[in-house]
Amino acid sequence: MSFFQFTPAFANPQGSPIRELFPYLSRPGMVSLAGGYPSPSLFDQEGLAAAAAQAMTTGATALQYGATEGSPALREQLAAQCQARGIRCSAADMLVTTGSQQGFDLLLRVLIQPGDAVCVETPAYPATIAALRQAGAQILSTPVDGDGLDVEALAAMLAALPVAERPKLLYTVPNFSNPCGTLLVQARRERLVQLALEYGFVVVEDDPYGELAFTDARPAPVYAAAQQQVGEGENPVVYLSSLSKTVAPGLRVGWMVADPAVLRRCTVAKQTNDLCTSPLAQAVAASYLQSGRYPQAVAKACAEYQRRMLALTQGLKARLGDLVQFVQPAGGMFVWMTFDARIDPQKLFDAAVAANVLFVPGKAFYADNAQLHSMRLSFAAPDVAQIEQAVDRLTEAFHKAS
Ligand SMILES: Cc1ncc(COP(=O)(O)O)c(C=O)c1O
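First, a word on scope: everything that follows refers to the structure included in this document. (Residues numbered from 1 in each chain as written. Predicted model: local features only at pLDDT ≥ 70, side-chain atom pairs only at ≥ 80, totals over all residues. Heavy atoms only, no water.)

1. Points about the overall build of the protein chain
Within the protein chain one finds 15 helices and 14 strands. For the protein chain, whose C-alpha radius of gyration is 21 Å, the value lies close to the compact-globule estimate of 21 Å for 402 residues. Its C-alpha atoms give the protein chain principal-axis dimensions of roughly 55 × 55 × 55 Å. Counting only residues that meet the buried cut, the protein chain has 53% of its 402 residues in that class. For the protein chain, the share of sequence-separated contacts (at least 6 apart) that also reach a separation of at least 24 residues comes to 75%. As displayed, the protein chain has an accessible area near 17500 Å², and 54% of this comes from carbon and sulfur atoms. Charged side chains in the protein chain number 30 positive and 35 negative. The centres of these two groups are separated by 5 Å. (Helix = DSSP H or I, 4+ residues; strand = E, 2+ residues; numbered from the N terminus. Rg over C-alpha atoms; globule rule 2.2 N^0.38 Å. Buried < 20%, exposed > 50% of the residue type's maximum accessible area, 1.4 Å probe, protein only. Contact = heavy atoms within 4.5 Å. Areas by Shrake-Rupley, 256 points an atom, 1.4 Å probe, with all protein chains shown as cover. Lys, Arg positive; Asp, Glu negative; His and termini not counted. Charge placed at Lys NZ, Arg CZ, Asp CG, Glu CD.)

2. With respect to the pairing of strand S6 (residues 169-172)
Here S6 shows no split at all, with Leu169 and Tyr171 on one side and Leu170 and Thr172 on the other all buried. Pairing of strand S3 (residues 117-122) with S6, which is carried by three bridges, proceeds in the parallel orientation. The partner of valine 118 across the bridge, within S6, is leucine 169. Relative to strand S7 (residues 202-206), S6 is paired through four bridges, and the arrangement is parallel. Looking across to S7, one finds that leucine 169 is bridged to valine 202. Once you follow S6 into helix H9 (residues 186-199) and on to S7, the crossover reads as right-handed. (Pairing = 2+ DSSP bridges. Right-handed = clockwise from strand over helix to strand, strands pointing away.)

3. With respect to the environment of alanine 397
Along the chain, the position of alanine 397 falls in helix H15 (residues 384-401). For the pair alanine 397 and valine 357, spaced 40 residues apart in sequence, the C-alpha separation works out to 8.9 Å. Sequence-distant contacts of alanine 397, that is, excluding residues within four places in its chain, are made with Leu348, Ala351 and Ala352.

4. What about the packing of aromatic side chains?
Evaluated as defined, the whole model comprises 10 aromatic pairs. Aromatic rings pair up to connect Phe3, Phe4 and Phe6 into one cluster. (Phe/Tyr/Trp six-rings, centres within 6.5 Å; stacked < 30°, edge-to-face > 60°.)

5. As for the packing of helix H6 (residues 99-111) against helix H7 (residues 126-134)
Look at H6 against H7: their axes get within 10 Å of each other, and the N-to-C directions meet at 25°. Relative to H7, H6 is oriented roughly parallel. Between H6 and H7 lies a crossing of right-handed hand. Residues Gln101, Phe104, Asp105 and Leu108 of H6 pack against Ala127, Thr128, Ala131 and Leu132 of H7. The residue makeup of the contact of H6 with H7, split by class, is five nonpolar, two polar and one charged. (Axes fitted to C-alpha atoms, helices over the stretch in contact; angles between N-to-C directions. Parallel < 35°, antiparallel > 145°, perpendicular 65-115°, else oblique. Left-handed = near helix turned anticlockwise from the far one by under 90°. Nonpolar A, V, L, I, M, F, W, Y, C, P; charged D, E, K, R; others polar.)

As structure tokens, then:
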């Protein structure tokens, strides 16, 4: 027996299923479609270097502890971003977080007790599943289709649940989701808010990818749809976003927009978590957003990611035909692909690794490892030439495993 008496959530910890693929990445010549990393070639290094130099001219402020809510300059900039996305808000409505990942963790601390039910769009971002397991939540998987979360399936599930078993929270990534790459259509955004109000659950709208749109056809956030419905009343939606996918994940800057009662409690929870998000990183982020370089950098990233997405999806369709099914994403970094049930998923994964191409097996995105004949492919990090190579190698793997 161990000297250490770990809590139930950490008695038998499972690491991230994606991080467990890391050893394969060091194989010479491996092309990875596995990670959710943005392309390093798209980091605006020049702009960020200038922002870092500027941040240091604020002297002691950037090197000192800061307010838990975040720096006033950054909160102003983030409020302007949210307004541009359609949210009615001011700097006072922003809580700066250490990545949007921390925002979700804080919410679980202030809202969820062990045994509470939480709906999760499924397939789901694996760190969300892991965070819910650590919180002792009971996970209720909610299906998605090509238009995002299936709100009518959700409505049917909610209607059938006894009152005591109703969820306290629902987690969704409405814009270019991880892992499916889908966009939640406007009518479903409105219906989701109605259901949240009717059944009394909080909607966590996680939106790190919304700015990476390949067209202009992106609806306003679910948070904004809720503002339309409740007016000045309590908004059942909590909005999380991040600079990780649009500027640089190394900054570890994300933010939360929520009802003041939620924001206040998350701020108190953050005080015992990290006191404040790095003031130096916040100063760099604020200075970068003030510099005016952000819109151009994002437009460049969107154009490049769209090129990479087309190379991947058109290549796979041309080579694999009906063996695979997917919805072509209109933004973001991911394609979700399902494949013929006669193909053995483990054989396919082994053949892909042998051919030097890596993907994340679909089971990583299910709380119960249920869906085996699927995979997530990320087109963000490899360039077009590497993606073409990856398509050749995946084709070879499919033929070996078929
Ligand atoms: C859906 C989703 N939410 C949150 C995160 C974490 O983002 P951050 O770097 O802001 O913590 C990711 C990163 O991959 C993600 O895909």
